[in-house]
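As a plain string of letters, each chain reads:
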Amino acid sequence: MLIVYESRTGFTKRYADMLAEKTGLKAYRTNELPETAKGEEIIFLGWMRAGIIQGLNMLRTYNVIAVCASGIGHAPEPSAEEVISMNKIQGMPFFYLRGGCLPLKEQKGLYRIMLSFFVKMLKSGKVKTENPEESASIIENGFDGVREENLEPVLQWLKAR
Ligand SMILES: Cc1cc2nc3c(=O)[nH]c(=O)nc-3n(C[C@H](O)[C@H](O)[C@H](O)COP(=O)(O)O)c2cc1C
């Protein structure tokens, strides 16, 4: 079994590394997959962009047995049901891991533009979300939600297999 992950700013990578340390499994970035990955079971971790789990599509022909998605909210946004449906992972174990966000001024290029626009939308009340002020503040000021205990459900699932 392998851990494979996709991470832009490092929060999801930290979960992948933590999971590797706790399980003894090796963790690979999607673009560094070894030849042998085709024959292995894979636990995939990816960051969410507008509900789409980044990197997952590159593994459609691989034996992915569980998917973890990182995002900025307390709970998955969109909802877990929507994420499962949007990413076509029905019937597969799905785990949400709260990730984090670099401060807006440290974001680069197009992502900075997209996130600035999203902050404006949040502040103007145009986005339907649980706590728009908190979300806007997280994006503007940065936030680190990576916690070891967030991996507990994944570890429990692995143990029960
Ligand atoms: C353009 C963009 C869209 C995002 N969309 C979502 C989203 O739909 N849901 C969510 O929870 N987080 C969303 N995020 C936040 C990231 O998923 C979150 O910061 C993640 O933990 C980053 O992981 P990384 O450091 O491994 O790249 C978005 C971030 C960006 C830049």
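This is a predicted model, so every value here is computed, not measured. (Residues numbered from 1 in each chain as written. Predicted model: local features only at pLDDT ≥ 70, side-chain atom pairs only at ≥ 80, totals over all residues. Heavy atoms only, no water.)

1. Regarding helix α5 (residues 152-160)
Now for step 1: Three or more residues of α5 are buried, namely Val 154, Leu 155, Trp 157 and Leu 158. The buried side chains of α5 occupy one side of the element, clustering within an arc of 160° when seen end-on. Exposed and oriented more than 90 degrees from the buried face of α5 are Lys 159 and Ala 160.
Now for step 2: Among the structural elements, α1 (11-23), β3 (41-49), β5 (63-71) and β6 (94-98) are those in contact with the buried residues of α5. (Buried < 20%, exposed > 50% of the residue type's maximum accessible area, 1.4 Å probe, protein only. Helix = DSSP H or I, 4+ residues; strand = E, 2+ residues; numbered from the N terminus. Arc of directions from axis to C-beta. Contact = heavy atoms within 4.5 Å.)

2. Describing the site of the ligand
Now for step 1: In the vicinity of the ligand there are 20 residues, among which Ser 7, Thr 9, Thr 12, Met 48 and Gly 100 approach most closely.
Now for step 2: A distance of 3.1 Å is found between an oxygen atom of the ligand and a backbone nitrogen or oxygen belonging to Ile 72.
Now for step 3: The contact in question runs from an oxygen atom of the ligand to an N or O atom on the backbone of Gly 100, over 2.3 Å.
Now for step 4: Taken by itself the ligand offers 650 Å² of open surface, and the protein chains cover 89% of this.
Now for step 5: In a pocket analysis with a 2 Å cut-off to the grid points, the ligand is assigned to the largest pocket. (Near = heavy atom within 4 Å. Polar contact = N/O pair within 3.5 Å; in protein donor to acceptor, adjacent residues only side chain to side chain. Areas by Shrake-Rupley, 256 points an atom, 1.4 Å probe, with all protein chains shown as cover. 1 Å grid on protein atoms, 1.4 Å probe; cavity = no way out; pocket = protein on both sides within 12 Å on 5 of 7 lines; lining within 4 Å. Sits in = over half its atoms within 2 Å of the grid points.)

3. Some details on the layout of surface pockets
Now for step 1: As a volume, the largest pocket reaches approximately 1100 Å³.
Now for step 2: If you trace the largest pocket, you find 42 residues lining it, with Met 48, Ala 50, Ile 72, Phe 118 and Ile 139 closest to the centre.
Now for step 3: Within the residue set of the lining of the largest pocket, elements represented by two or more residues are α1, β3, β5, β6, β7 (100-101), α3 (109-123) and α4 (132-141).
Now for step 4: Ranked by the residues each element gives to the lining of the largest pocket, the list is headed by α3, at seven residues.
Now for step 5: Split into classes, the residues belonging to the lining of the largest pocket amount to 21 nonpolar, 14 polar and seven charged.
Now for step 6: Looking at which domains feed residues into the lining of the largest pocket, each of domain 1 (2-101 + 145-160) and domain 2 (103-141) supplies at least three. (Points joined across faces, edges and corners; volume = space filled by probe spheres on them. Nonpolar A, V, L, I, M, F, W, Y, C, P; charged D, E, K, R; others polar. Domains from an automatic or database assignment.)

4. Quick word on the environment of Ser 7
Now for step 1: Within the secondary structure, Ser 7 sits in the loop between β1 (2-6) and α1.
Now for step 2: Ser 7 sits in the buried class, given a relative accessible area of 7%.
Now for step 3: Distance in space between the C-alpha atoms of Ser 7 and Glu 133 is 26 Å, their sequence separation being 126 residues.
Now for step 4: One polar contact links the side chain of Ser 7 to the main-chain amide nitrogen of Gly 10, over a distance of 3.1 Å.
Now for step 5: Here Lys 13 takes part through its backbone nitrogen, which lies 3.3 Å from a polar atom of the side chain of Ser 7.

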